[in-house]
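Given next are the chains, with one letter for each unit.
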Amino acid sequence: MTTRLEGGCACGAVRYRLASKPMFVHCCHCKDCQRQTGSAFVLNAIIETDRIELLKGKPKPVRVPAGSGRVHDIYRCAKCQTALWSDYGGRPKLRFVRIGTLDNKRALKPDVHIFTRSKLPWVGLPKGARAFKVYYDMKKEWPAASLKRRQAILG
Ligand SMILES: [Zn+2]
Ligand SMILES: [Zn+2]
């Protein structure tokens, strides 16, 4: 049985389906993500933009300042403003989908925890979780097939 990776915003105006599993999943504990979500961390599934099939509606980009100085557009439902995915760094072929918007939130889990230097002290990580104080070496952590997919769209 395949897991259907479908999701949407809070009001139902935007619905989407991921055509495949993502390349990689980040749980980011950085201060920007904490502020932008109003929570302890963000859950981002990294996937090709053309693997996000819009079933209903069309999220609108909202630009936020990024700590790195790179542009960051958060795509939100125009009606209820739920954040569905991000474009980090102005890379139109790559999206970071917020996995809390999936209907089945257990379908995907973090491959790595990043920026744990600002992880809130009461957030515990599972035993054996791959965690990094800041960032990590992509070539070491990503599966070869995912690196290939990334290279196919970013070159
Ligand atoms: Zn909505
Ligand atoms: Zn972050």
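All of the points below concern the structure found in this document. Bear in mind that the values here come from a model prediction, so they are computed numbers and not experimental data. Each chain has its residues counted from 1, running along the sequence as written. Note on labels: chains are lettered from A, ligands numbered from 1, in written order. It should be noted that, the model being predicted, local features are given only for residues of pLDDT at least 70 and side-chain atom pairs only at 80 or more, the latter also being counted only at that level, while totals for whole chains, interfaces and linings use all residues. As a convention, hydrogens and water are excluded, and side-chain values are obtained from all of the structure's heavy atoms.

1. Some words on the nonpolar core
Moving on, step 1. Counting 18 residues, the largest nonpolar core has Tyr16, Leu18, Ile52, Trp85, Val97, Leu102 and Leu108 as its most contacted members.
Moving on, step 2. What counts as a helix is a DSSP run of H or I of at least four residues, what counts as a strand is a run of E of at least two, and both are numbered from the N terminus. Residue assignment for this core shows that the elements contributing at least two residues are β2 (15–18), β4 (42–48) and β8 (83–88).
Moving on, step 3. Buried Ala, Val, Leu, Ile, Met, Phe, Trp, Tyr and Cys residues that are joined via side-chain atoms within 4.5 Å together make up what is termed a nonpolar core. Here's how the labels work: a residue is buried when its accessible area is under 20% of the maximum for its type, exposed when over 50%, partly exposed in between, all with a 1.4 Å probe on protein chains only. With 17 residues, the next largest nonpolar core counts Cys30, Tyr88, Phe132 and Met138 among its residues.

2. With respect to the coordination of the zinc ion (ligand 2)
Think of it this way: four donors in a tetrahedron around the metal ideally sit 109.5 degrees apart, and six in an octahedron ideally sit 90 or 180 degrees apart.
Moving on, step 1. Taken together, the protein ligands of the zinc ion (ligand 2) are Cys28 (SG), Cys30 (SG) and Cys33 (SG), with distances of 2.1 to 2.3 Å.
Moving on, step 2. Here a donor is an N, O or S atom found within 2.8 Å of the metal, or within 3.2 Å if the metal is Na, K or Ca; sites may look incomplete because water is not among the atoms. Coordination of the zinc ion (ligand 2) draws on donor residues from a single chain, spaced C-x1-C-x2-C in sequence. For the pair shown, Cys28 and Cys30 are each scored as buried.

3. Some details on the coordination of the zinc ion (ligand 1)
Moving on, step 1. Protein-derived ligands of the zinc ion (ligand 1) are Cys9 (SG), Cys11 (SG), Cys77 (SG) and Cys80 (SG), with the metal-ligand distances lying across 2.3 to 2.4 Å.
Moving on, step 2. Given 4 donor atoms and angles of 107 to 111° at the metal, the environment of the zinc ion (ligand 1) is assigned as tetrahedral.
Moving on, step 3. Written as a sequence motif, the donor residues of the zinc ion (ligand 1) are C-x1-C-x65-C-x2-C.
Moving on, step 4. For Cys77, a relative accessible area of 1% puts it in the buried group.
Moving on, step 5. On the basis of relative accessibility, which here comes to 27%, the residue Cys80 falls in the partly exposed class. By the criteria applied here, four donors are tetrahedral when all angles lie between 85 and 135 degrees, four are square planar and six octahedral when opposite donors are over 155 degrees apart and every other angle lies between 65 and 115, and any other arrangement is irregular.

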